[in-house]
Amino acid sequence: MNNTLKHIIRLIVLLLLQGLLINNLHFLGVFHPYIYILCLLFLPSSLPRWVELLIGAAVGLVMDAICSTAGVHMAACVAVSYFRPLMISRLVQDVNRIGSQICSSTLGDWQFTTLSGIMIILHHTLVMLLEAWSVAHLGWLIMSILLSSLMTFVLVFLYDRTQR
Amino acid sequence: MKNLLQFIMQHSCLLLFILLEVLAFLLISTNQSYSRSTILTSSNQLIADVNATGDDIVSYFRLRKDNEQLSEQISRLQEQVQSLENALEPLKENADTTAYKYAHLNYQVIPAKVIDLSTDQEHNYLTLNKGKRDSIEVGMGVVCSQGVVGVVSRVNERFALVVPLIHTGINQSARIKKNGQIGFTSWQGHDYRHINLAEIARHIMVEEGDSVITSGLTSTFPEGIMIGVVEKARLDEGDSYYNIRMRLTTDFRKLHYVQVLRNTAKNEIDELMVDE
């Protein structure tokens, strides 16, 4: 119960932070970190997969409403929710051993870095490609995706450290 | 039948995933045009309320700057009034000024505040704190003290969603002030400071520094509101139209107070169109 509450509060705080603060900061016009994805990354692995998919879709829809980008965040978040459990079972031999908590201390440093890195790049690539809806400025787009992913990753990494 | 059920059970996650993705893509493709659905944009009542509260907090930190801007604008207006009065003085005695007056009386100005805006996307938007109950309607023009901002695309009771000039789906009729040539603006994305001017034919003289204003051909904006200044005008061999890049006079990242223009003669003009 306590844990569920923690997840919900973290989700609300992250959505507000993303919508009110981070979306209004303009880091040179290239950095668009989407740190709300953190709440999807840290979801317990004991969740049934269909629940995780629905949570992903709902979080994405709320973010779409905030950013006025109907469907874009939803598509990206659903993809993250679908591939995350698959990746976790790939990275960890014995899923039961790690318990439901997902962070670097339960998964291992290297495994957690790989998981969050790939998920963040997947999410940012989908969001920015779908938002632009064209590949006209491909070089610029790729740079923006990489730099934004890096920034999100650093923030996720720092948050993970505070959880130890 | 049994096999089918078994298949569905086995792949329920994959199927749900595909279903949700298809839904998301349906949403994206139906919202590619700039008239987006109200629920999923920042003119959504709840989201707009949250944004308005956020803006209330932030605006205290901006008070000083806003004050400076306002007083600057007042002094500029005073100067303008003075120079216009000076210019009017010799005309008063003989000229018939009624025609001039009427041309300018058609627009009513509704002041509004920007509570949310984006400048980094291809489909940018801004949200205003005025809506239907302040008699704002879809299609009205929005300007600020520096120049044209955009066009209202959605309204609900208390808020309005504006599509700015820096949106890849909007074209605004524009005129080069010096020679009266008419073209339209088009935005290519990414750079919120610059916009292109299309459809200016090659025989026309265009120079760096020429002012570009609204044409007055649409009922959205009166003629003569600043849009931008020509920064580069390129004419390649074989091109029949210029490639014109202009610097927008409106700084979209600093937008705070704007004015919505209500054309009081719009209905009469529309009526004429229908009768034709």
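Not measured: the values here are computed from a predicted model.

Rules used throughout
- Residues numbered from 1 in each chain as written.
- Chains lettered and ligands numbered in written order.
- Predicted model: local features only at pLDDT ≥ 70, side-chain atom pairs only at ≥ 80, totals over all residues.
- Heavy atoms only, no water.
- Domains from an automatic or database assignment.
- Contact = heavy atoms within 4.5 Å.
- Buried area = accessible area lost by both parts, 1.4 Å probe.
- Salt bridge = Lys/Arg side-chain N within 4 Å of Asp/Glu carboxyl O.
- Helix = DSSP H or I, 4+ residues; strand = E, 2+ residues; numbered from the N terminus.
- Core = buried A, V, L, I, M, F, W, Y, C linked by side-chain atoms within 4.5 Å.
- Buried < 20%, exposed > 50% of the residue type's maximum accessible area, 1.4 Å probe, protein only.
- Axes fitted to C-alpha atoms, helices over the stretch in contact; angles between N-to-C directions.
- Parallel < 35°, antiparallel > 145°, perpendicular 65-115°, else oblique.
- Nonpolar A, V, L, I, M, F, W, Y, C, P; charged D, E, K, R; others polar.
- Disulfide = S-S within 2.5 Å.

> Looking at this structure, I do not really get the domain arrangement of chain B. What am I missing?
The parts lose accessible area when they come together, and the size of an interface is often stated as this lost area. Residue and element names in this part refer to chain B. For chain B, the assigned domains read domain 1 (45-167 + 255-263) and domain 2 (173-253). Distance between the C-alpha centres of domain 1 and domain 2: 21 Å. Listed by partner, the interface residues are 26 residues for domain 1 and 21 residues for domain 2. Contact with domain 2 buries surface across domain 1, with Val 148, Leu 165 and Ile 166 losing the most and accounting together for 30% of the total. On the surface where domain 1 and domain 2 come into contact, there are one salt bridge. Here Asp 120 ties to Arg 253 by a salt bridge, and the two come within 2.7 Å at their closest N and O atoms.

> Just to check I follow, could you spell out the interface of chain A and chain B for this structure?
Contact residues are listed per partner, giving 33 residues for chain A and 33 residues for chain B. Across the chain A/chain B interface, buried area totals approximately 2,900 Å², and carbon plus sulfur atoms make up 68% of it. Every element with two or more residues in the side of chain A that touches chain B is listed here: helix H1 (2-21), helix H3 (49-67), helix H4 (72-91) and helix H6 (109-132) of chain A. Here the element with the most residues in the side of chain A that touches chain B is H3(A); it accounts for ten residues.

> Would you mind showing me how to read the nonpolar core here?
Generally speaking, a soluble globular protein has its nonpolar side chains buried in company with each other. By size, the foremost hydrophobic cluster in this structure holds 53 residues, and its most contacted members are Tyr36(A) and Leu115(A). Contributions of two or more residues to this core are made by H1, helix H2 (38-41), H3, H4, H6 and helix H7 (138-162) of chain A together with helix H2 (12-30) of chain B. Examining the composition of this core, we find that twelve residues originate from one element, H4(A), more than from any other. With near-sequence residues (within four places) excluded, Tyr36(A) lies in contact with Leu14(A), Leu15(A), Gln18(A), Val59(A), Met63(A), His73(A), Cys77(A) and His123(A). With 46 residues, the next largest nonpolar core counts Ile110(B), Leu128(B), Ala174(B) and Met246(B) among its residues.

> Any chance you could explain the packing of H3(A) against H2(B) here in plain terms?
For any two helices packed against each other, the geometry comes down to the angle between their axes and how far apart the axes lie. Where H3(A) meets H2(B), the closest approach of the two axes is 9 Å, and the angle between their N-to-C directions is 10°. Comparing their axes, H2(B) and H3(A) come out roughly parallel. Contact with H3(A), carried on its side by Arg49(A), Trp50(A), Leu53(A), Leu54(A), Ala57(A) and Leu61(A), involves Cys13(B), Leu16(B), Phe17(B), Leu20(B) and Leu27(B) of H2(B) and no other residues of that element. Looking at side-chain class alone, the contact of H3(A) with H2(B) contains ten nonpolar, no polar and one charged residues.

> Before we go on, may I ask you to explain the state of the cysteines in this structure?
Disulfide: a covalent bond formed between the sulfur atoms of two cysteine residues. Summed over the entire model, instances satisfying the criterion amount to zero disulfides over all chains. Take Cys77(A): it sits in no disulfide, and the sulfur closest to it among the cysteines is that of Cys39(A), at 7.7 Å. Look at Cys77(A) and you get buried, because its relative accessible area is 0%. Summary of cysteine pairing: Cys13(B) is not part of a disulfide, and the nearest cysteine sulfur, belonging to Cys77(A), is at 17 Å. Cys13(B) gets classed as buried once you look at its relative accessible area, which sits at 17%.

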